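Structural overview
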Amino acid sequence: MAGNLTRVQARRRATLIAVESYAVELDLSGDDQTFTSTTVARFGCTAPGSAVFIDLAASAVRSIDLNGRPVPLSAWSGGHIRLGALAAHNTLRVVADCAYSRTAEGMHRFTDPADGSVYVYTHFQPAEAHRVYACFDQPDLKATFELGVVVPADWQVVANTQPDSVGKARLASGTGATRWHFPATPPLPTYATSVAAGRFHSVSGSWQRVPLSLYCRRSLAAYLDADELLEVTWNGFDFYQRLFGMPYPFGKYDLVFVPEFNHAGMENAACVTLTENMLFRSRVTDVRHERRASLLLHELAHMWFGNMVTMTWWDDLWLNESFATYASTLCQAEATRWPGAWTTFSQLFKTSAYHQDQLTRTHPIVADLPDVATAEVSFDGITYYKGASVLKQLVAYVGREAFTAGLQRYFQRHQWSTATLADLLAAVEATSGRDLGCWSKEWLQTAGVNTLRPDYRLAGDGTIDGFAVTQSAPEAHPLLRPHRIAVGLYDREGTTLTRRSSGWKSTWPVIVRASRPWTAAGGRISCWSTTTTSRTRRSGSTTGRWPPCWPARRTRRTPCLLACAGPRCGTCVATVNCRPATTYDWSPARSTRSTTPACWRRCCCRRSRWPVTTPRRRGGSPGCGSSRTPCTGCWCSRRPARTASCSAYKCWRGWPPPTSI
């Protein structure tokens, strides 16, 4: 951003003024360097006679008028206009020349190399609106937004509302142009206002009388998959209205695919911008379609949570993004053709958050963001994916019905206003009857993961003689949190795994004296997880708890319960602690690290038909070879299998396997 607004400055300004409206006129018909911006801002002041500043980053300022009186141009300095002697009700008019951006901040301008067409669009999050018009650029000073845009005659313009007039505009140069006028929006934060213009290709539809349009460059018209994009969006509308108990809050909805975008998407009110990478130029896997659908639903959820109800300050950025991530995954799993969306979330996104939460730069979900510059670097896996995981945990803790009722209460009480985490927790507490203060402190205001380890003993007859789960925490974040977990014992029946109903209890004694299972779902689990992926693999493979193994692999401690896939295995559990050899570089900063964690390996027996995934070693030779080669440390035949091809690992050797992890 042009300046760096602090939380202290924002709070002081919010106590002093209340913004009523912005009326903005943009002339985009000039040269390719600057455009003319005219802003009329109306706001009240709680302490008449005091002073305040308004934000503006411009190439030049032509005039400033406050309540009909000119303000010296010297009042504009350092990205701010200083305003003194305020009245109880104020009208400010500012005319300035603002610069186009080439970095997707403020007003971005792009020339299509395919046909020479020009496209412009805005991106204002977290605080870039003052690059385009003078405003109080902070989320809690919401106001209505009226827009007029002058563009070349063959351009289309898209903004937060439907245009109510499109007419000819005669410029001083004598050239023809068109003026588009957009009526005032409901109260919005400045970062959610938007405008996009150019020679767009468009496809229109509707949902319950709500106009829905898709826009992209004309040169990419052939790649606009309108049917799927509209279908996913329609499903999202239906699901969210039921979940939130509130109708869609805007009069239309547009998806604009823009070039040179720094982000995947941006939740501008009723005018969502998306990266053109979401327009597939060739056949792609269904995973790409699934992730695109997740993005569409994420941005749609923000229409309620973010635009209608807005965070007071960027400290609650996580709540804005975490909630949209949670809601989009829930919607995708229950209202689209991807019912396994939570599995995808667990394997692709939660794993990255596990990884980030063990780095030295990790931070609590509720981060301390003293200024906008700090907020800019907080769009990470903790904010999005750990936050969404913990919200899913909250739903499991209070119950789906109580959480939904609390959410609807939250929307009704704070619509078109601002709110904080405390407001959401208060609403959920009222509907669930639970005190969420301790939960918030333990899970939202502290960083790091907890590690749960099963510790069991086997008797001479092969039954489980003792079982316990121990919890530990890293030294940097030593808090031990309460967990509610389930432990399952599984038996192999043909090519499938069957969970023993007698072992699915909340107390450990039912496990003791049980016969040794074919495999146990568990191992070393790094927790803030409520669910972990469980799949039955081809050829009678293991029940996989893959995501928790990632942080263990990163820290070079990978004790995992592995089950063998080969027909000769019979019933066995092999406990393997794999460490990389000294000739192998596992440093996360090095490109030579393994692309597949060692704990993801399946035990490869001589007659197994598993295609074994093997990491690369420096020097070009693989670690373990074919799927018919036994691995060091595999006790499938009740003997240690030793081969030279397994030199990529330093594994435990010998029999019997250890009885505790």
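Counting starts from 1 at the beginning of each chain's written sequence and moves along it residue by residue. Totals for whole chains, interfaces and linings use all residues, but because this is a predicted model, local features are given only for residues with pLDDT of at least 70 and pairs of side-chain atoms are given and counted only at 80 or more. Neither water nor hydrogens contribute to the side-chain values; these are computed over all heavy atoms in the structure.

Considerations on the pairing of strand 1 (residues 17-27)
- As judged from the 10 bridges shared by strand 1 and strand 2 (residues 34-45), these two strands associate in the antiparallel manner. Residue Glu-25 lies in a different strand from strand 2, and its bridge partner there is Thr-38.
- Pairs of strands are assigned from DSSP output, requiring at least two bridges between the strands. Per the convention used, a helix needs a DSSP run of H or I reaching at least four residues, while a strand needs a run of E reaching at least two, with both numbered from the N terminus. Counting the residues in the hairpin turn of strand 1 and strand 2 gives 6 residues.
- Looking at chain direction, strand 1 and strand 11 (residues 144-151) are connected through 7 bridges and run parallel.

Quick word on the sheet that holds strand 15 (residues 195-198)
- The 4 strands are arranged 9-10-15-12 in an open sheet whose pairing can be described as antiparallel. Each having just a single partner strand, strand 9 (106-111) and strand 12 (156-159) make up the two edges of the open sheet. For this sheet, the mean inter-axis angle between neighbouring strands, taken without regard to orientation, is 15°.
- Bridge count between strand 12 and strand 15: 4 bridges; the pairing is antiparallel. Inter-axis angles, ranging from 0 to 180 degrees, are taken between N-to-C directions of lines fitted to C-alpha atoms, where helices are fitted over the stretch in contact.

Some remarks on the sheet that holds strand 3 (residues 52-55)
- With respect to topology, 3 strands assemble into an open sheet ordered 3-7-6, the strand pairing being antiparallel. Lying at the two open borders of the sheet, with one neighbouring strand each, are strand 3 and strand 6 (76-77).
- Pairing analysis gives 2 bridges linking strand 6 to strand 7 (residues 80-83), with the strands arranged antiparallel. Within strand 7, the position partnered with Ser-77 by the bridge is His-80.

What about the pairing of strand 15?
- Relative accessibility decides the category of a residue: with a 1.4 Å probe and only protein chains considered, values under 20% of the type maximum give buried, values over 50% give exposed, and everything between is partly exposed. Residues Val-195 and Ala-197 point to one face of strand 15 and Ala-196 and Gly-198 to the other, with burial holding for every one of them.
- Here 3 bridges tie strand 10 (residues 118-123) to strand 15, and the two strands are oriented antiparallel to one another. Bridging from a neighbouring strand, Val-120 pairs with Ala-197 of strand 15.

Section: the side chain of Glu-290
- Among the secondary structure elements, Glu-290 is positioned in helix 3 (residues 286-301).
- Among the residues examined, Glu-290 registers a relative accessible area of 8% and is labelled buried.
- Apart from residues no more than four positions distant in its own chain, Glu-290 is found in contact with Gln-332, Trp-338, Gly-340, Ala-341 and Thr-344. Between two residues, a contact is recorded if the distance between any of their heavy atoms is within 4.5 Å.

Description of unusual backbone geometry
- The peptide bond linking Gln-125 to Pro-126 adopts the cis configuration, its omega dihedral lying at 5°.
- For Pro-126, the position within the fold is in the loop between strand 10 and strand 11.
- In the Ramachandran plot, Gln-208 falls in the positive-phi region, its phi being about 45° despite a non-glycine side chain.
- Secondary-structure assignment places Gln-208 in the loop between strand 16 (200-207) and strand 17 (210-217).
- Take Gln-208: its relative accessible area is 56%, and that puts it in the exposed class.
- One non-glycine residue, Glu-260, lies in the positive phi region at around 55°.
- Tracing the backbone shows Glu-260 in the loop between strand 18 (253-258) and strand 19 (265-266).

Considerations on the pattern of salt bridges
- For this document, the term salt bridge refers to a Lys or Arg side-chain nitrogen within 4 Å of an Asp or Glu carboxyl oxygen. Under the criterion given, the structure shown has 18 salt bridges.
- For Asp-315, the salt bridge goes to Arg-7, with nearest N and O atoms at 2.7 Å. Of this pair, Asp-315 sits in the loop between strand 21 (309-311) and helix 4 (317-335) while Arg-7 sits in helix 1 (residues 7-16), and the two are 308 residues apart along the sequence.
- Where Arg-281 meets Glu-276, a salt bridge forms, and the shortest distance between an N and an O atom there is 4.0 Å.
- Looking at Arg-281, the relative accessible area reads 41%, which means it is partly exposed.
- A relative accessible area of 6% means that Glu-276 is categorised as buried.
- Residues participating in the shared-partner salt-bridge network are Asp-225, Glu-228, Asp-286, Arg-292 and Arg-337.

Considering the nonpolar core
- Definition used in this section: a nonpolar core is a set of buried Ala, Val, Leu, Ile, Met, Phe, Trp, Tyr and Cys residues joined via side-chain atoms within 4.5 Å. Formed by 78 residues in total, the largest nonpolar core has its most connected members in Tyr-22 and Leu-28.
- Once you skip the residues sitting within four places of it in the chain, Leu-28 turns out to touch Phe-35, Tyr-100, Met-107, Val-120, Val-149, Val-150, Val-151, Pro-152, Trp-155 and Ala-197.
- By size, the runner-up hydrophobic cluster in this structure holds 76 residues, among which are Phe-244, Tyr-248, Phe-305 and Leu-425.

Observations concerning helix 8 (residues 400-414)
- Expected span of a helix, by definition, is 1.5 Å for each gap between consecutive residues, and there is one gap fewer than residues. The end-to-end C-alpha separation of helix 8 is 21 Å, in line with the 21 Å expected for 15 residues at 1.5 Å each.
- Among all positions of helix 8, only Ala-402, Phe-403, Thr-404, Gly-406, Leu-407, Tyr-410, Phe-411 and His-414 are buried.
- Where the residues of helix 8 are buried, they touch helix 2 (226-244), strand 21, helix 4, helix 7 (381-398), strand 22 (417-419) and helix 9 (421-432).
- Just past helix 8, the residue Trp-416 takes up positive phi, approximately 60°.

Side note on the packing of aromatic side chains
- A pair of Phe, Tyr and Trp rings is counted when the ring centres sit within 6.5 Å of each other, with Trp represented by its six-membered ring. The angle between the planes then sorts it: under 30 degrees is stacked, over 60 is edge-to-face, the rest tilted. Applying the stated rule across the entire model yields 33 aromatic pairs.
- When the ring of Tyr-119 is compared with that of Phe-200, the centres are 5.3 Å apart and the planes differ by 50°; the resulting orientation is tilted. Taken together, the residues span a long stretch of sequence, with Tyr-119 in strand 10 and Phe-200 in strand 16 at a distance of 81 residues. Across the pair, exposure class does not vary: Tyr-119 and Phe-200 are buried alike.
- Seen from their ring centres, Phe-239 and Tyr-240 are 6.0 Å apart, and the 65° between their planes marks the pair as edge-to-face.
- The ring of Tyr-100 is capped by Arg-109, whose NZ or CZ atom sits 5.0 Å from the centre of that ring.
- By definition, being over a ring means that NZ of Lys or CZ of Arg is both within 6 Å of the ring centre and within 35 degrees of the ring normal. In this structure, Lys-392 is placed above the aromatic ring of Trp-342, and the distance from its NZ or CZ to the ring centre is 4.8 Å.

Some details on the environment of Pro-364
- Turning to its location among the elements, Pro-364 is positioned in the loop between helix 5 (341-356) and helix 6 (372-376).
- C-alpha of Pro-364 to C-alpha of Lys-386: the two residues are 22 residues apart in sequence and 9.6 Å apart in space.
- Other than its neighbours up to four places away in sequence, Pro-364 contacts Ile-382, Leu-444, Gln-445, Thr-446 and Ala-447.

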